[in-house]
Structures are given as structure tokens and as C-alpha cells.
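Analysis of the macromolecular model
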Amino acid sequence: MLITELAQLCNATPRGGDASVTLQSAADIMSAQAHQVTVLSDGKYKKYLKDCQASACFIAESLIDGDAPAGLTLLVCKDPEMSFLVAVKALHPEPALDRRISRQAAIADTAKLGSNIHVGPFASVGQHSRIGDDSTVDAGARIGNHVGIGKNCRIHANAVIYDNTVIGNNVIIHSGAIIGADGFGYKYRDNQHVKVPHVGNVVIDDNVEIGANTCIDRGALGATRIGWGSKIDNLVQLGHNNLVGKNVIVCGQCGISGSCTIEDGAILAGSVGVADHVKIGTRAVVMARSGVSQDVEPGAQVWGSPAKDRKIAWRELAALAKLPELLQKIKQLESRLTKLEE
Amino acid sequence: MLITELAQLCNATPRGGDASVTLQSAADIMSAQAHQVTVLSDGKYKKYLKDCQASACFIAESLIDGDAPAGLTLLVCKDPEMSFLVAVKALHPEPALDRRISRQAAIADTAKLGSNIHVGPFASVGQHSRIGDDSTVDAGARIGNHVGIGKNCRIHANAVIYDNTVIGNNVIIHSGAIIGADGFGYKYRDNQHVKVPHVGNVVIDDNVEIGANTCIDRGALGATRIGWGSKIDNLVQLGHNNLVGKNVIVCGQCGISGSCTIEDGAILAGSVGVADHVKIGTRAVVMARSGVSQDVEPGAQVWGSPAKDRKIAWRELAALAKLPELLQKIKQLESRLTKLEE
Amino acid sequence: MLITELAQLCNATPRGGDASVTLQSAADIMSAQAHQVTVLSDGKYKKYLKDCQASACFIAESLIDGDAPAGLTLLVCKDPEMSFLVAVKALHPEPALDRRISRQAAIADTAKLGSNIHVGPFASVGQHSRIGDDSTVDAGARIGNHVGIGKNCRIHANAVIYDNTVIGNNVIIHSGAIIGADGFGYKYRDNQHVKVPHVGNVVIDDNVEIGANTCIDRGALGATRIGWGSKIDNLVQLGHNNLVGKNVIVCGQCGISGSCTIEDGAILAGSVGVADHVKIGTRAVVMARSGVSQDVEPGAQVWGSPAKDRKIAWRELAALAKLPELLQKIKQLESRLTKLEE
């Protein structure tokens, strides 16, 4: 694709260099070479522009200051990140799957498949399940009984969707994710843990993405819900009856116990833990490795274990670093005091 | 099922309302509607009883105080939690599997299957393995060679049981769980990590449940053992040669390094880590997100990282919160002292 | 195998006992019985030698002091750990697989398989993928399209290798590991998280071992790389564009965000978290459960969350334990001071 063509596709204006060069791929600004396009969207990478070997670079007007090499075509645009994102997709198109239902898949006779469905080898779809148009079930994935999957979904290889799960449109579920296993609930009676039956399910709304090897347990009664557009990373544990709102971000290895409410737009950074029955408010941010045991206010930013307002937590942390020398100082004060008392 | 029938099944006595109403399902007290049964077992939910829309509610005599709506039949019983558990099972029976060995499964010629076994499509059972009566191996699960599985077990879809694993009766293993992979052991020689051969196995006793995507490694020599009735949640890492006792609870995302002993009835809350060769005593409780590096006494309750007696840990935590203002106070004391000294 | 034969195989010299005894298996020094061989390599287990029931024991000259039972043959050698390792392999040989490509596997017509390949039932290999001589793909594993796998690799049951992954020789990938899923990257625009396309891949060098249910995400652009001889434990999250050097050790449940550099020989103990764009230097050690948010110097040993030099962190920890009584002491000092001031 010519630089000019890509510029047009991505709402950018070419400036300088040779815009008739052909682009073959995309790369980051530190490693990009001739015939590659890159992006400069963050001022802290500006130092790399001077020696950039790429043929073209998306950039906002505000970051241009004449430092670019002569051979580099600047692709001036309003939102370089988004323009570059479109460019990456254009230059690296996903290879077209030869879409078909593998003869080595097992589709139950009562399952209903839409049009243009792809099912890989050794995938299986259980009784009374429905899969919408243009959806893909990759090799070895298991779709249980009475499962509903919307349109244009992708269930990657070896993912497992337990019975009665409901999944909306445009949902991506990565390999090894387990949706709808029983929650972890027992009653201790007569020297044994008696299993609490889990007769609820998991309901996943449109445009959700769920990472590899993440587990989302079914509700004991009622549903565990993941709202519109929320994104869950790899190896996350989402327990029974959690209610996750819209556009929520849950980073890798988070663990959310059960019956929690995570409101719209909240962000949980990596390895955050949340205790049972906790509510995390709209657009709240829980910083990495925090343990949340109490409700978090909308918009709050919390850190630590147990998590508290991040400024307070950091003040405590800074004070702790001074504590060893403080112990010395107190001793000195005490001996000075004793001397005065004598 | 009529309220009267359910009451009889669950050892409860109907009081008030219309006990001839038909029940269709179970729900929690906040969301239950007509033709649903619910439960009130925890005083803190008592406020929801007054406006409860359910047709029936399990309740202990001690929680009744005349607040129930006229249309609600109280199901008075000794143990509302257990009565409700029985009710949930009765009202939400698991749909009967059409039990058979799928023609799309791969059963080794030397494998021995009991009666009434169900094997899903694309499940495979290796050489010399044995599966007891009434057990189920779901789609895509892999049972290795020389594996023993008892009666009435359920191995969910895409779980993997490595060679030589021994599993008792009534064991549930959820999807994606990996039982018997090699432990993580190397000797560093001549600039490389030489793999320690792992020739032990995993032995799981009766009535154990193992969560989705949990990993239990085989012993290097000898076995990694999970005792009778223990329950392991999702995404847990249980390393080589750990010995887990009876009725132990291990919550989600715990990591137990290796050669540890977790004694009967111990509870590890979510995301707990345990270092090598540590012993956690009978009925000890390790609170969420703790890191245990030393033995824990029977019955002890520990918290923190490194974990210590929870009261001591909390006292330190409370003191830490006062530390920033303490720094100020020390400065004031010092200047007052200096003034006196002058 | 006779003790004399094993001694020869393992570069050890038999001393005492009856070296013509037949050995059947290996065990640790506390549980070894007659006809078993064991090892004493760590002085702290020396107390078990006196009552050791094994028939033979690898031991270094320096640990011998006449305490061994009369019936025990000492196998004197320079490196007891390595000699024992060889002995374990010799006494517990892996049963020979009946190597073949299962008729129940799905191999794409454009895939190229080397010689002596084993592919289990319900494993699938995608278009244009290549697998080197002597490699094994176990039951249910999924090898995507355009994947390269070297010689003598083992991909265990139900592991998933996404498209375009490149794997060297002698690589072991345990069950449930997911190699090459999309990294976790979005741009927030117009009230939604827009997915960043991930067109990079994962490149794994020779002699790497990857644990069960570990996830290694593909690069957004370019590769996520795991260097020669590195060993990754179970349930680890390795995000997009991380560069892991040679002989690195990453223990269970670590989470490495993205674009990090982990240099040669570094060790990350269990459940360590590493923030984006961090560099961990050569042979640095990050202790268990630490959270690393800034670069770690080569050879440094760090602990805590946020991680700092371990000696400093421990000094703070020790000081924290004294803080509650310090609060008392300050109060006393203050009242003494007040008295003086009056």
C-alpha cells in the first residue's frame, strides 16, 4: 500500500519524505525500518524521531518541530493512536479462514447454527445451543447444552462454555477460558463440606473480550453478569454472582470473590483482589496488587492491601521508609530527655 | 412442586400464607418473586423479609417476629441453609445426561470402564486406565495412561489428568484443571537449568472438588496428595509433593509451593501464597492475600505478608496509619526538647 | 539394576553395605526403604542418615562421618544431586510411547511433519505449520496456522499454540498453556474500548519449559520472546512484547505486564508482579510476592510491594513490628517533656 493510500484510509495528511513509497508493515518507532509505518503519540518517545528509519510516521501537529529525518513522511492527523490502529489492521489483515463446519466437529442434533459459522476440528456444541451468524468456534472448544452465543463472536481453541451460558454479539473468548463452572460454595455440616448447588448461569453482554485461561463462575442462583464492552484479561478469577458493569477493565490475574458489583468504567489493575459483597464505584481505579475489602467510592483511586485512598496509602509508605531511622531518633530523644530530668 | 410437598422434603413446617401454591424455582430473598422459594438464614438480611415477594421462605424459629407478609408461607426449620440447599436441588434438577460413550471419544484398548460411564466427544482415555461406575468424562477431557478414577466422579470438559494419577470416588474436577504436570524443579549446572525428573504422581482422595484451571503438580518422588473432602477453588497452584489433609479449603488463586503440609480443616482464603516446606496446622485460617513463609500453629489465624497472628498484624496496620502524623509529632517533641536544653 | 551398575552409571564409588543388592526405585531419605536408592546432599537432612532404610545413598565425601547404618551402601560422588538425578531417570524410565500420528488427529494438508512425530487423538495442526523430528503433540493440543515447532519438543495435552508462534528445539509446553493469545490493549474512544490489533507473535528459544495453564501473549507489533533455557512455571501471565532472556526462572503465578525486559539468569520467585516497561537486570532476584514497579539492577535482590533492596525492606518490616509499642513510648516521652516544661 502506498503512503498516500494509507494516509487517506487513516484520515492523515502526508508531509515531507516520499509519499509514493510502498508500505509493507507497521512497527514501533524504535525498531521501524524502510517500508514500515510507525507512530509518535507520546512525547516521551519524541527523541526517537530524529533517527527514525521508518518511511512514514503518524503524528499530531503539536508534536512536530522539524526534527524528522528528510526521508520520513509525516502523516499528520488528529488522533495518531487511532490512525495507526487502522493502519496496522490494513497492513496486517487477518488471513481469511476457510469458513466451514469441520467434519471432525460434534454438533448436537438440536443445536441451531446461523449462517457463515466456522467450527474447528474437535469442537463440540451441545443440545439446544444456538450460535449466531458469522461466529467462530475454534478447534477443541466446548460449547455446552442450552448455550446461547450471538453474532460475530469468536470462541478460541479449547475454551469451555458450560451449560446455560448466554453470550451476546461480538464477544471474543480466548483459549482456555472457562465460563460457567460452579462457584465455590459449601456448607460445613457433620464434618464435611456440603456442596451448594449452582443453578444460576453466566450472562455476557455484547463486545466483551475475555482473556486466556480466565474463569467466570456461574451464579448460585441467578446470573454472574459481564456488561457491555467490558474487557477481562488473562487468568482472572470472577466468582459467582458478581455483577460487572459496562466498559469495565479487569487486568491479568485479578480475583473477584463473589456477589461483588463492579460499576461502569471501573478499572482494576493487575493482580487486584476483591472480597465478597464489595461494591466498586463508577470509574474507580484500583491500583495493581491491591486487596479491596470495603466498598470503593465512584471515581476513587485506591491502593494497598487493604486498599485505601492512594494518596493516604503512599504517605504511609513514605513514612514507613523513614521508620528505621525514626527508631534511632526516638532513642536519642529519650536519652536527651533523661539527661534533662536528672 | 407444592409448598407442602417441598416442606416435607426439606424437614420444614409451613406457617401462614397459602401452602397449596406451586413453587417453580428458588431465588435469594432480595429478588425472589411469586412461585419462588427463598431463605432467611442470616439476621442481617432480615430487613428484606417485610417486602419479600416469594411464596415461601425457609426460616429458623429464632428469626421469626411477625414481620412476614401475609402472602408468604414461612417454612420453619432447624437448619434453613441446609433445607434451602435441598430445595434448590429439588426445584432445579440437573438435566439427565443421555449417558453413553461417544463414538467420537478415544478409549485405549487396555482401558477398563465401569458401568454407566459417560464419555463425551473428543475425550480420550489412555492405556491401562480405569474408570469406576457412574463416572463422567466430558468433552475434550484427557485421561492419561495408568490413571485410576473411582466411582461417581465428574471430569469436566477439557480437564487433563496426566499419567499415573489416582482419583477416589465422588471427585469433581472442573474444566481446564491440570492434574499431574511436572513440578518446577531444576539443578543449575554448566550454565543451564537441568530438569529434575518427576516420577511421582498425584493422589486425590474421595469427595474432593477441584476448580477450573487449577494446577496440581505430580511429586518429584512419591505423591502430591489431596485428602478426603478437601475443596480447591479455581486457578490454584499446588506444587510437587504437597500433602493436603482432609476437609481443607483452598480458595481461588492460592499458590502452595512444594513439600508443604496443610493439615485437616485448614482454610486458605483467596490468593494466599505458601513457601516451600511449610506446615499449616489443623483448622488454621490464613486470611486473604497472605504470604506464609513459616509454619502456622493449629487453630491460628494469620494475616499479612509475611503472615503473622492476625491481631498483631492488624495492630501494626493500625499503627502504620498513624505513622505520618507521628513523624510530625516527633519533630515537635524534638524542638520542644531543644528549647528546654538551651 | 544392581547398586554396582547404578554407581558406575552415575560416577559414584560404592562404599560399605552390600553393593550387589538390586535397586528398584528412588525415594527421599526420610521415606526410602530396602531396594531403594536415595541421596544426602543437604547437611540439614544429615540426621536422617543414621536410620536410613535405603539400600544405597548418594553422598559427597564431605558429609560422611561414620553415622551410616551397616546395611547401607554409600555412593560417594562429587555431585550427589546430579548423580541422583541420573539415577532417578535410570530407575524410572519414561514408558516408550507407541509413536504414531493418531488417525483421530487433524493435520492440515499444508502442514509439514518431521520424522518420528507423535500426535495424539484430537490434536490438530493448522495450515502451513511445521513440526520437527521426534516432537510430540499430545491429545487435544491445538497447533494453529503458520506455527513452527523445532525438534524433540513436547506439547502436552490441550495446550494451545496460536497462529505464527515460533518454537525452538527441546521445548516442553505443559497442558493448558496458551501461547500467543492477543495482548490486553485498548484505546478508549467514544465511550468504548477499541481493541488494539495484535499482529506480532511469540518466539520461544531452545530448551525452554513452560508450565501448565501459563499464558504468553503475542506482541502487538513484533514478538514476545522467551530466551534459551528459560523455565516458566504454572499459571504465569506473560504479557505482550516482553523480552525474557536466557536461563531466566519465573515461578508460579507471576504476572509480567508488558514490554518488560527480564535479563539473563534473573529469578522471579512465586507470585511476583512486574509493571509495564520495567527492566530486571542480569541475575537479579525478585523475592516471592513482590510487586516491581521500577527497574531492578543486575544482581540486586529485591522484596516487597513496591519492591526495594531486600535488606532495606526487611529493616522496614522489622521497624514496623516495633511501631505499636513505639506509639506508647512517644506518649510517655511527651508527658515527661510536658512535665519538664511546666
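Residues numbered from 1 in each chain as written. Chains lettered and ligands numbered in written order. Predicted model: local features only at pLDDT ≥ 70, side-chain atom pairs only at ≥ 80, totals over all residues. Heavy atoms only, no water.

**Let's talk about the relation of the copies chain B and chain C**
Mapping chain B onto chain C calls for a rotation angle of 120° and an axial translation of 0.0 Å; the resulting RMSD is 0.1 Å. Taken together, the rotation angle and the small translation identify this as a three-fold axis. Distance from the rotation axis, computed per C-alpha, reaches its smallest value in chain B at phenylalanine 122 of chain B: 3.5 Å. (Least-squares fit on C-alpha atoms with pLDDT ≥ 70 in both.)

**Overview of the UniProt feature "active site" (unreviewed entry) in chain A**
All names here are of chain A. With numbering matched to this structure, UniProt assigns "active site" (unreviewed entry) to His240. Within the secondary structure, histidine 240 sits in the loop between β26 (237-238) and β27 (243-244). Residue classification places histidine 240 among the buried residues on the basis of a relative accessible area of 17%. Once residues lying within four places of it in the same chain are set aside, the contact partners of histidine 240 are Gly183, Phe184, Gly185, His198, Asp217, Arg218, Gly219, Ala220, Thr224, Ser257, Gly258 and Ser259. (UniProt positions renumbered as here; feature names shortened; annotations may be inferred. Helix = DSSP H or I, 4+ residues; strand = E, 2+ residues; numbered from the N terminus. Buried < 20%, exposed > 50% of the residue type's maximum accessible area, 1.4 Å probe, protein only. Contact = heavy atoms within 4.5 Å.)

**Re the sheet that holds strand β3 (residues 36-40) of chain A**
Residue and element names in this part refer to chain A. Strand order in the open sheet made by the five strands is β1-β5-β4-β3-β2, with mixed pairing throughout. Looking along the sheet, the strands with just one partner apiece sit at the ends: β1 (13-15) and β2 (25-26). Bridge analysis of β2 against β3 gives two bridges, and the strand direction is parallel. What sits directly across from serine 25, in β3, is glutamine 36. Together, β2, β3 and β4 (56-59) form the strand contacts of helix α2 (residues 80-91), whose direction differs from that of β3 by roughly 160°. (Pairing = 2+ DSSP bridges. Axes fitted to C-alpha atoms, helices over the stretch in contact; angles between N-to-C directions.)

**What about the interface of chain B and chain C?**
Taken together, the contacts link 63 residues of chain B with 53 residues of chain C. Summing both partners gives a buried area of about 4600 Å² for chain B against chain C, and 65% of it is carried by carbon and sulfur. When residues of chain B are sorted by the area they lose upon contact with chain C, Phe184, His193 and Leu221 of chain B head the list and together hold 14% of the total. Summed over the shared surface of chain B and chain C, the result is seven salt bridges. Its salt-bridge partner being glutamate 209 of chain C, residue lysine 195 of chain B comes within 2.7 Å of it at the nearest N-O pair. Linking chain B to chain C there are 23 residue pairs in polar contact (both at pLDDT 80 or more). Among the elements that line the side of chain B that touches chain C, the one with the most residues is helix α3 (residues 310-341) of chain B, at 13 residues. (Buried area = accessible area lost by both parts, 1.4 Å probe. Salt bridge = Lys/Arg side-chain N within 4 Å of Asp/Glu carboxyl O. Polar contact = N/O pair within 3.5 Å; in protein donor to acceptor, adjacent residues only side chain to side chain.)

**Some points on the packing of aromatic side chains**
For the coordinates displayed, the defined rule picks out twelve aromatic pairs over all chains. Ring centres 6.4 Å apart and planes at 65° place the aromatic pair phenylalanine 58 of chain B and phenylalanine 84 of chain B in the edge-to-face group. Remark: phenylalanine 84 of chain B occurs in helix α2 (residues 80-91) and phenylalanine 58 of chain B occurs in strand β4 (residues 56-59); sequence separation between them is 26 residues. On the accessibility criterion, phenylalanine 58 of chain B (0% relative accessible area) is buried. A relative accessible area of 10% means that phenylalanine 84 of chain B is categorised as buried. The rings of Phe122 of chain A, Phe122 of chain B together with Phe122 of chain C are connected pair by pair, giving a single aromatic cluster. (Phe/Tyr/Trp six-rings, centres within 6.5 Å; stacked < 30°, edge-to-face > 60°.)

**A word on the pairing of strand β4 (residues 56-59) of chain C**
Residues and elements named next belong to chain C. Burial of the side chains of β4 extends over both faces: Ala56 and Phe58 are buried on one face and Cys57 and Ile59 on the other. Bridge count for strand β3 (residues 36-40) against β4 is four bridges, and the pairing is parallel. For threonine 38, the partnering residue across the bridge sits in β4 and is cysteine 57. Across four bridges, β4 lies against strand β5 (residues 73-76) in parallel orientation. Looking at β5, one finds that phenylalanine 58 is bridged to leucine 75.

**Things to note about the sheet that holds strand β14 (residues 154-155) of chain C**
Residue and element names in this part refer to chain C. Read from one edge of the open sheet, eleven strands run β8-β11-β14-β17-β22-β25-β28-β31-β34-β36-β37, paired in mixed fashion. The open sheet has two edge strands with one neighbour each: β8 (118-119) and β37 (307-309). Here three bridges tie strand β36 (residues 301-304) to β37, and the two strands are oriented antiparallel to one another. Paired with valine 302 across the strands is aspartate 309, a residue of β37. Here helix α3 (residues 310-341) sits on the sheet and contacts β36 and β37; the angle it forms with β37, its principal contact strand, is near 105°.

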